[in-house]
Amino acid sequence: MSDFKLLINGKLVDGARTSNVVNPATEEPVAACPRASEAQLNEAVAAAKSAFPAWSAPPLDERKKALNAIADGIEANGAELARHLTQEQGKPIGDATGEVYGTAAFFRYFTMLDLPVKIIEDSEGKKVEAHRRPLGVIGAIVPWNFPMILMAFKLPPALLAGNTVVLKPAPTTPLTSLKLGELIKDILPAGVVNIVADENDLGAALTAHPDVRKISFTGSTATGQKVMAGAAGLLKRITLELGGNDAGIVLGDVNPKEAAPKLFQSAFQNSGQVCIAMKRLYVHESIYDEMCNELAELANNAVIGDGLKQGTQLGPLQNKMQFDKVKELIEDARKTGKIIAGGDTPEEKGYFIRPTIVRDITDGSRLVDEEQFGPVLPVIKYSDADDAVARANASPYGLGGSIWSNDKDKAYELATKMESGSVWINKHADLAPNIPFGGARFSGLGTELGEEGLAEFTQLKIINMAK
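Residues numbered from 1 in each chain as written. Predicted model: local features only at pLDDT ≥ 70, side-chain atom pairs only at ≥ 80, totals over all residues. Heavy atoms only, no water.

1. Section: helix H9 (residues 256–268)
Consideration 1: The terminal C-alpha atoms of H9, which comprises 13 residues, lie 17 Å apart, in line with the 18 Å expected from a rise of 1.5 Å per residue.
Consideration 2: Residues Pro256, Ala259, Ala260, Leu263, Phe264, Ser266, Ala267 and Phe268 constitute the buried set of H9. Down the axis of H9, the buried side of the element spans an arc of 160°, and every buried residue falls inside it. H9 presents Glu258 and Lys262 as exposed residues on the side facing more than 90 degrees away from its buried surface.
Consideration 3: Buried-residue contacts for H9 involve strand E12 (247–250), strand E13 (280–284), helix H10 (288–301), strand E15 (356–359), strand E16 (376–382) and strand E17 (400–404). (Helix = DSSP H or I, 4+ residues; strand = E, 2+ residues; numbered from the N terminus. Expected span 1.5 Å × (residues − 1). Buried < 20%, exposed > 50% of the residue type's maximum accessible area, 1.4 Å probe, protein only. Arc of directions from axis to C-beta. Contact = heavy atoms within 4.5 Å.)

2. Here we look at the pattern of salt bridges
Consideration 1: This structure, assessed with the given rule, holds 34 salt bridges.
Consideration 2: Here aspartate 430 and lysine 427 are joined by a salt bridge, their closest N and O atoms 2.8 Å apart.
Consideration 3: Assessed through its relative accessible area of 33%, aspartate 430 is described here as partly exposed.
Consideration 4: In this structure lysine 427 comes out as partly exposed when scored by relative accessible area, which is 38%.
Consideration 5: Shared partners join several salt bridges into a network, and the residues in it are Asp386, Lys410, Glu413 and Lys417. (Salt bridge = Lys/Arg side-chain N within 4 Å of Asp/Glu carboxyl O.)

3. A closer look at the nonpolar core
Consideration 1: With 85 residues, the main nonpolar core has Ile74 and Leu159 as its most contacted residues.
Consideration 2: Looking at this core element by element, the count peaks at 7 residues for helix H4 (residues 93–110).
Consideration 3: Other than its neighbours up to four places away in sequence, leucine 159 contacts Trp55, Arg63, Leu67, Ile70, Val165, Leu188, Val192 and Val193. (Core = buried A, V, L, I, M, F, W, Y, C linked by side-chain atoms within 4.5 Å.)

4. Structural notes on the packing of aromatic side chains
Consideration 1: In total, this model carries 6 aromatic pairs according to the counting rule given.
Consideration 2: Consider the rings of tyrosine 109 and phenylalanine 110, whose centres lie 5.0 Å apart with planes at 70°: the pair is edge-to-face. For the pair shown, tyrosine 109 and phenylalanine 110 are each scored as buried.
Consideration 3: Centroid distance phenylalanine 153 to phenylalanine 437: 6.4 Å. Interplanar angle 90°. Geometry classified as edge-to-face. Note that phenylalanine 153 is positioned in the loop between strand E7 (137–141) and helix H5 (155–160) and phenylalanine 437 in the loop between strand E18 (422–425) and strand E19 (444–445), a separation of 284 residues in sequence.
Consideration 4: Clustering of aromatic rings is evident, with ring pairs tying together Phe106, Phe153 and Phe437.
Consideration 5: The side chain of lysine 214 reaches across the aromatic face of phenylalanine 457, ending 5.2 Å from its centre. (Phe/Tyr/Trp six-rings, centres within 6.5 Å; stacked < 30°, edge-to-face > 60°. Lys NZ or Arg CZ within 6 Å of the ring centre and 35° of its normal.)

The structure is reproduced here in structure tokens:
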């Protein structure tokens, strides 16, 4: 087992205790992980607060050099980071490798942005300028489904803007974040980034800490509500990227054989453990049977297994709690729909569930109405496209959605009616660092990525001068 340390004030330190990180493909320990105490969390916040004045003072270009150096370090250690990622998260090694190098690319993207002073008015009587200033200490809380790339939604823009950071990875997937800490230690001044792993017991303390000026959180809606409540007393800034129940709507002019592989990938990437995975699929009645058959064949042919084994397409669920939740939803779906592929768990160790397709199911069933966050897709028949959009919009969530049609004008018209932060046409879950991303309603608050995401790590300051 590799040695893992917390990063606090520029030093790699032991935690107050240790506990095992479990490989979800084997249910065996992969590493002993240090876990921080609340006193160590407070040390990390104090270090970040102390480092803030010096870090925020230099020109933006100095911070860009640091971000590029971090990207270089990630790429130089890509194979090791990817292996740790597969062992702690479960995803196939090819997907893990893509996530690691994608993380480096996200760091490099933010070095291309600036925070210029904008002139709002320059008239005979006055000049008005808009400045963007750093906030201070940022608390960044990252989930277990994409430990690296979702960290890169937060850390690069926070640092570029001149903030300092306390990063808390998910308790079940802390290893890649702690290894990143080893790289950061030799690149950034002490205290600029601190990384503390916990046992799901320090989130409230970080959120409510009086010296933390913003919380950037990705996770469940229920936890996001607690984060918002914890931050309310100090009116600190928050960005919440929360749950989703993304709907895909397939019109009757689509060829099922051509579209099914894209739809399958949209639903089952990372074994469905994606906030913007397609979680319910509405298919026009004229192609419903054929589409169900195509999806079932893809599900039956998918190779599931240990992510370190060659040929694995889908790994396990990341943790037992999620594993049990998805199994419960499948059992409920047996009563409300017809399982035509999957629906079972292999007779072997690991949190594996075969990709599952459920047809003849409709709104009102748990699998359609709730966020499954696993390898199960309900396929719902509809006859009228506007009605399908209305049913998609009936969810309290509003993270993403997609329209699939050969008629791009009709698809665009329907896309404008979908109530979600992102809508894709003839694709799903297409994210890039330059494209703003955020949810509507119960799916979140604020924006990540792009220039808008960078701005969220700043305080807008107006200077209004008389002439």
